[in-house]
Amino acid sequence: MSSYDAEGLAALLPFPQVNAHKYSRGKLLLVAGSRPYPGAACLAAFAGERMGAGYTEVYTHADNVGKLQAYRPSLVVRSWDELLSKDTLLASREGRPCAYLVGSGFDGTDSQSAHLLLHVLRNAEAPVLVDGGAIAALSVTAARALCRARHEKGLVTVVTPHSGEAAVIGRPLGLSGLPQVDYAEELAWEYGAIVVLKGANTVVSDGEHSFAMTEGTAALAKAGTGDVLAGMIAALLAQGLDPLDACVLGATLHARAGVAAAVQLTDICVTPEDVIDAIPAAVRRTVEMSLEAVRMREAAEAASAEEA
């Protein structure tokens, strides 16, 4: 297992160029929010905006369109029917990157969830993050085959399960009883995906390289914080970050945002909305840690030079 140091993480932060515009900063397209769960789509979309995506568009259940528009007027909101009517979906390209997030607020027992997931996996020539209720649909042979086909074409798929969801998609493969790191690696290999296996510690793996994020806090153990994490990682993908970098940076910033929120509110009182509000503090903390690491390194080098 490896880790990202303070300077390396800070270097990944997607500060915009002076001549940036909303499309160069990345378009995030969310397919989220079944009829009973519009809140998950709200959280994921707001987190994506806060994490830097230049243009955020949500496809949701028709009954939820007005709710999301009222929640944040800066969101572009459309119905699932508009997405399904398209034979081709927006592709990520140089200067205008994009990424898709599918599944936050999906009802995993609804056949429409699987239909929407398959449509995006089949037609999106861009990174796709699979979260929430869409994860269960990956256990279907057709979905797993699409993930593998995307991998062979060089297209990125990210899956963000907690342990229960990981067990569901690992069951058809005969996976059980493995340590967290090994389980994440096996899932990544079998699905041709990058796996972000959430827990008290979170493991990110592409099947060959694995990284542990150990800065989490129990304050994040509330419904909705996973939607925030998905939105953050997807926004980084939409901005063109390397997929492993996006997953590690997103998971780390999510944890640091949780810690920052808990400092203000206590572990008891933090809500997913508070985590989103604390993303800027997490970004600042990441920059500060990098500067401190640079100061310490330069001091050590100076001391070594004096001894020589």
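Structural data are supplied above this passage.
The rules behind each value
Residues numbered from 1 in each chain as written. Predicted model: local features only at pLDDT ≥ 70, side-chain atom pairs only at ≥ 80, totals over all residues. Heavy atoms only, no water. Helix = DSSP H or I, 4+ residues; strand = E, 2+ residues; numbered from the N terminus. Contact = heavy atoms within 4.5 Å. Core = buried A, V, L, I, M, F, W, Y, C linked by side-chain atoms within 4.5 Å. Buried < 20%, exposed > 50% of the residue type's maximum accessible area, 1.4 Å probe, protein only. Phe/Tyr/Trp six-rings, centres within 6.5 Å; stacked < 30°, edge-to-face > 60°. Lys NZ or Arg CZ within 6 Å of the ring centre and 35° of its normal. Salt bridge = Lys/Arg side-chain N within 4 Å of Asp/Glu carboxyl O. Pairing = 2+ DSSP bridges. Axes fitted to C-alpha atoms, helices over the stretch in contact; angles between N-to-C directions.

Digging into the side chain of Thr217
Line of reasoning, step 1. Note on placement: Thr217 falls in the loop between β9 (210–213) and α9 (225–238).
Line of reasoning, step 2. Sequence-distant contacts of Thr217, defined by excluding residues within four places in its chain, comprise Ala255, Gly258, Val259 and Asp267.

Points about the nonpolar core
Line of reasoning, step 1. The biggest cluster of nonpolar side chains holds 60 residues, and the ones touching the most others in it are Leu30, Met51, Leu129, Leu249 and Leu253.
Line of reasoning, step 2. Top contributing element to this core by residue count: helix α10 (residues 243–269), with 11 residues.
Line of reasoning, step 3. Apart from the residues within four sequence positions on either side, Leu129 is in contact with Tyr100, Leu101, Val102, Val158, Thr160, Ala230, Ile233, Ala234 and Leu237.
Line of reasoning, step 4. The next biggest cluster of nonpolar side chains, apart from the first, holds 38 residues, and it includes Tyr59, Ala137, Ala184 and Leu187.

Section: the packing of aromatic side chains
Line of reasoning, step 1. With the rule as written, the count across this model stands at 4 aromatic pairs.
Line of reasoning, step 2. Plain terms: the ring middles of Tyr4 and Phe211 are 5.0 Å apart, the flat faces sit at 65° to each other, and that makes the pair edge-to-face. Taken as a pair, Tyr4 in the segment before α1 (6–12) and Phe211 in strand β9 lie far apart in primary sequence, 207 residues in all.
Line of reasoning, step 3. Judged by its relative accessible area of 13%, Phe211 is buried.
Line of reasoning, step 4. Aromatic pair Tyr23 and Tyr55: ring centres 5.6 Å apart, planes at 25°, arrangement stacked. Separated by 32 residues along the polypeptide, Tyr23 in the loop between α1 and β1 (27–31) and Tyr55 in strand β2 (residues 55–60) bring together distant segments of the chain.
Line of reasoning, step 5. Here Tyr23 falls in the partly exposed class, since its relative accessible area comes to 27%.
Line of reasoning, step 6. The cationic tip of Lys27 hangs over the ring face of Tyr55; the distance from NZ or CZ to the ring centre is 4.5 Å.
Line of reasoning, step 7. Above the plane of the ring of Phe46 lies Arg72, whose end atom (NZ or CZ) is 3.8 Å from the centre.

Overview of the pattern of salt bridges
Line of reasoning, step 1. Using the criterion set out here, one finds 10 salt bridges in the structure.
Line of reasoning, step 2. The salt bridge involving Arg72 is made with Glu49; its shortest N-O contact spans 2.7 Å. One end of the pair, Arg72, is in the loop between α3 (65–71) and β3 (76–79); the other, Glu49, is in helix α2 (residues 38–50), with 23 residues separating them in the sequence.
Line of reasoning, step 3. Overall, the relative accessible area of 23% leaves Arg72 in the partly exposed class.
Line of reasoning, step 4. Residue class for Glu49 comes out buried when judged on its relative accessible area of 19%.
Line of reasoning, step 5. For Lys198, the salt bridge goes to Asp131, with nearest N and O atoms at 3.9 Å. Note that Lys198 is positioned in the loop between β7 (194–197) and β8 (202–205) and Asp131 in the loop between β5 (128–130) and α6 (141–152), a separation of 67 residues in sequence. Each of the two residues, Lys198 as well as Asp131, counts as buried.

A word on the sheet that holds strand β4 (residues 98–102)
Paired through their backbone hydrogen bonds, the strands of a sheet run either parallel or antiparallel.
Line of reasoning, step 1. Reading across from one edge, β3-β2-β1-β4-β5-β6-β7-β8-β9 is the order of the 9 strands in this open sheet, with mixed pairing throughout. For this open sheet the edge positions go to β3 and β9, each flanked by a neighbour on one side alone. Ignoring strand direction, the axes of neighbouring strands in this sheet form an average angle of 15°.
Line of reasoning, step 2. Strand direction decides the pairing type here: strand β6 (residues 157–159) and β7, joined by 2 bridges, are parallel. Bridge pairing in β7 links Val158 to Ile194.
Line of reasoning, step 3. Along the sheet face, helix α8 (residues 180–191) touches β7, β8 and β9 and points at about 35° away from the line of β8.

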